[in-house]
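# A closer look at the structure
Residue-level listing of the chains:
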Amino acid sequence: MKYLARLSLRYWFAWLALFYGVWLFLVMQGDNLALALEHWSMALAMALGSYAAGSTPMGGGTVGFPVLVLLFDMPASLGRDFSFAVQSIGMVSASLFILCRQQSLAWSMLRGALLGSLLATPAGILLFAPMISELWVKLSFAVLWGSFGIFHLYRLSEITDCEHKGDPQCPTDFRVGLLLGAFAGFCVVSVTGVGVDMLVYAALVLLSRVDLKVAIPTSVVIMAFCSVLGVLVKSLAGDWQPGVFGNWLAAAPVVALGAPLGVFVVSLLGRKPTLLIVALLCVVQLVWTCASERQALSGLGGPLVLLALLLCLLGFEWLRVLGLRRERSRGAAAIGSGAEIKAVAVEESLIPGVK
């Protein structure tokens, strides 16, 4: 990772120049300018979404998906594909900004998550996602992010108090990241376009008790990687939903700057207020989804959604319990190491000629 230390912000500015050059070229083709202006509302929505993407463990698709699906009544598969497309600009821009600023990352878990998602995300997009109905794509997104929002509302103070910087060579974190990257890539990212960032973040703050200043940038980088992977697989398969390009054309120039802005601003203002607001939005979209699909959820649908929500919350609590045990073990080991060093110092002081 030594080469990262040599990066500077000029590489990020070079990326911006390249992106805006390509975007202007696309806009000047045919009626693309009119197409971009036609979707101005998505650009407005993604101004908030891109800020959340850079300042929280929630990708830009966390806002883009419900806006398209709930507000504009578009197919859930369009929301997923748009998440891939817009995050491949916003999250990549934020990731380059993070690397150029040399911010700390949880490299052990990140390496594992990158490997796991590299192997599983393409398989999930091609094999698993086509089996999931539009309704369950929508409900999967709502439940996953709703549970995440609820958990933050009653555990936010504890999460923001974590101070561990992470072990860059921890084999346990690598294995956890590998498992989460594979699971999220196959079952979550392939279906909703987001999710691996949230799961990796949850493992870092709950299981590894890592500081938010490390956990959130790490989640941004893994989501950027999965988004680019999703774009490549979708493009090679020729499986884009109609309407993605117009929305992307309008939103891309906003998120290219909005996500890095979130990274920068939150480093000055702190993450707690932003996390609180986004957690509330996650809960609102869960309630909104259930209300809009109340007919489809009649019978067993409602209890199944509630069960899935409880299982997600129990999963977060289980990670938290394991993390507290791990933190106590780490503290005990540090105390034991300190006592051993003190004992050695005392012994040396008793040996003549040793000071």
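To be clear, the structure that these remarks concern was listed above.
Now for a look at the structure at hand. The shown structure was predicted, so the numbers you read here are calculated from the model rather than taken from an experiment. (Residues numbered from 1 in each chain as written. Predicted model: local features only at pLDDT ≥ 70, side-chain atom pairs only at ≥ 80, totals over all residues. Heavy atoms only, no water.)

## Re the environment of Met46
Our working rule: Numbered from the N terminus, helices here are DSSP runs of H or I no shorter than four residues, and strands are runs of E no shorter than two. Exposed residues in this analysis have more than 50% of their type's maximum accessible area, buried residues have under 20%, and partly exposed residues fall in between, with area computed by a 1.4 Å probe over protein chains only.
Tracing the backbone shows Met46 in helix α3 (residues 40-55). Residue classification places Met46 among the buried residues on the basis of a relative accessible area of 1%. Between the C-alpha atoms of Met46 and Val86, which are 40 residues apart in sequence, the distance is 9.0 Å.

## Remarks on the side chain of Asp173
Stated formally: Whether two residues are in contact is decided by their heavy atoms, any of which lying within 4.5 Å being enough.
With respect to the helices and strands, the residue Asp173 is situated in helix α8 (residues 171-192). Asp173 gets classed as buried once you look at its relative accessible area, which sits at 5%. Contact partners of Asp173, with chain neighbours within four places excluded, come to Ser108, Met109, Ser208 and Arg326.

## Remarks on the packing of helix α1 (residues 9-27) against helix α5 (residues 76-100)
Spelled out, the test is: With axes taken as lines fitted to C-alpha atoms, and helix axes fitted only over the stretch in contact, angles between N-to-C directions fall between 0 and 180 degrees. Convention used here: angles under 35 degrees read as roughly parallel, angles over 145 as roughly antiparallel, angles from 65 to 115 as roughly perpendicular, and any remaining angle as oblique. The crossing is said to be left-handed when, going from far helix to near helix, the turn is anticlockwise and less than a right angle, and right-handed when the turn is clockwise. Polar here means any residue other than Ala, Val, Leu, Ile, Met, Phe, Trp, Tyr, Cys and Pro, which are nonpolar, and Asp, Glu, Lys and Arg, which are charged; Gly is therefore polar.
For the pair α1 and α5, interaxial distance at closest approach is 8 Å and the crossing angle is 160°. Here α1 lies roughly antiparallel to α5, going by the angle between them. Seen along the crossing, α1 lies across α5 with a hand that is right-handed. For the pair α1 and α5, the contacting residues are Leu9, Tyr11, Trp12, Trp15, Leu16 and Phe19 in the first and Ile89, Val92, Ser93, Leu96, Phe97 and Cys100 in the second. For the contact of α1 with α5, the class distribution of residues is eleven nonpolar, one polar and no charged.

## Description of the packing of aromatic side chains
Applicable threshold: Ring geometry is summarised as follows: Phe, Tyr and Trp rings, the Trp one being its six-membered ring, pair when their centres sit within 6.5 Å, and such pairs are stacked at plane angles under 30 degrees, edge-to-face over 60 and tilted between the two.
Inspection of the entire model under this criterion finds 14 aromatic pairs. With a centroid separation of 5.2 Å and an interplanar angle of 40°, the aromatic rings of Phe151 and Phe316 are classed as tilted. Taken together, the residues span a long stretch of sequence, with Phe151 in helix α7 (residues 134-160) and Phe316 in helix α13 (residues 301-350) at a distance of 165 residues. Classification of Phe151 as buried rests on a relative accessible area of 2%. By relative accessible area, Phe316 is classed as buried at 5%. Through pairs of rings, three or more aromatic residues link up here, namely Phe65, Phe141, Trp145, Phe148, Phe151, Tyr154, Tyr201 and Phe316.

## A closer look at the packing of helix α6 (residues 107-128) against α8
Between two packed helices, the angle of one axis relative to the other and the distance separating the axes together describe the packing. Two numbers describe how α6 lies on α8: the axes approach to 6 Å, and their chain directions differ by 25°. With respect to α8, the element α6 is oriented roughly parallel. Considering the relative orientation of α6 and α8, their crossing is right-handed.

## Examining helix α10 (residues 212-237)
Three or four residues apart is the spacing at which side chains of an α-helix point the same way, because the helix has 3.6 residues per turn. Keep this limit in mind: Take the residue count of a helix, subtract one, and multiply by 1.5 Å to get its expected span. The term polar contact refers here to a pair of N or O atoms within 3.5 Å; inside protein, the definition further demands a hydrogen-donor-capable atom paired with an acceptor-capable atom, and it admits residues adjacent in sequence only when both atoms are side-chain atoms.
Look at α10: 37 Å from first C-alpha to last across 26 residues, which is about the 38 Å you get at 1.5 Å a residue. Counting buried positions along α10 gives 19 out of 26 residues, so the element sits mostly inside the fold. Looking at where α10 begins, the residue whose side-chain oxygen comes 2.9 Å from the main-chain nitrogen of Lys213 is Asp211.

## Here's the deal with a nonpolar patch on the surface
We count it as follows: Distance thresholds for patches are 9 Å for like charges and 5 Å for nonpolar side chains (Val, Leu, Ile, Met, Phe, Trp, Tyr), applied to residues having over 30% relative accessible area and no salt bridge. Per-residue and other accessible areas were derived by the Shrake-Rupley procedure at a 1.4 Å probe size, with only the shown protein chains allowed to occlude residues. Any Lys or Arg side-chain nitrogen located within 4 Å of an Asp or Glu carboxyl oxygen qualifies as a salt bridge.
Taken together, the side chains of Trp136, Leu300, Leu304, Leu307, Leu311 and Leu314 present a nonpolar region at the surface, about 650 Å² in accessible area. At four residues, α13 tops the list of elements feeding residues into the nonpolar patch. By secondary structure assignment, the location of Leu300 is in the loop between α12 (272-292) and α13.

## Considerations on unusual backbone geometry
For Gln102, which is not a glycine, the phi torsion comes out positive at approximately 60°. Within the secondary structure layout, Gln102 lies in the loop between α5 and α6. Its relative accessible area of 47% is what places Gln102 among the partly exposed residues. Non-glycine residue Arg209 carries a positive phi angle of around 55°. Topologically, Arg209 is positioned in the loop between α9 (196-207) and α10. We classify Arg209 as buried; its relative accessible area is 5%.

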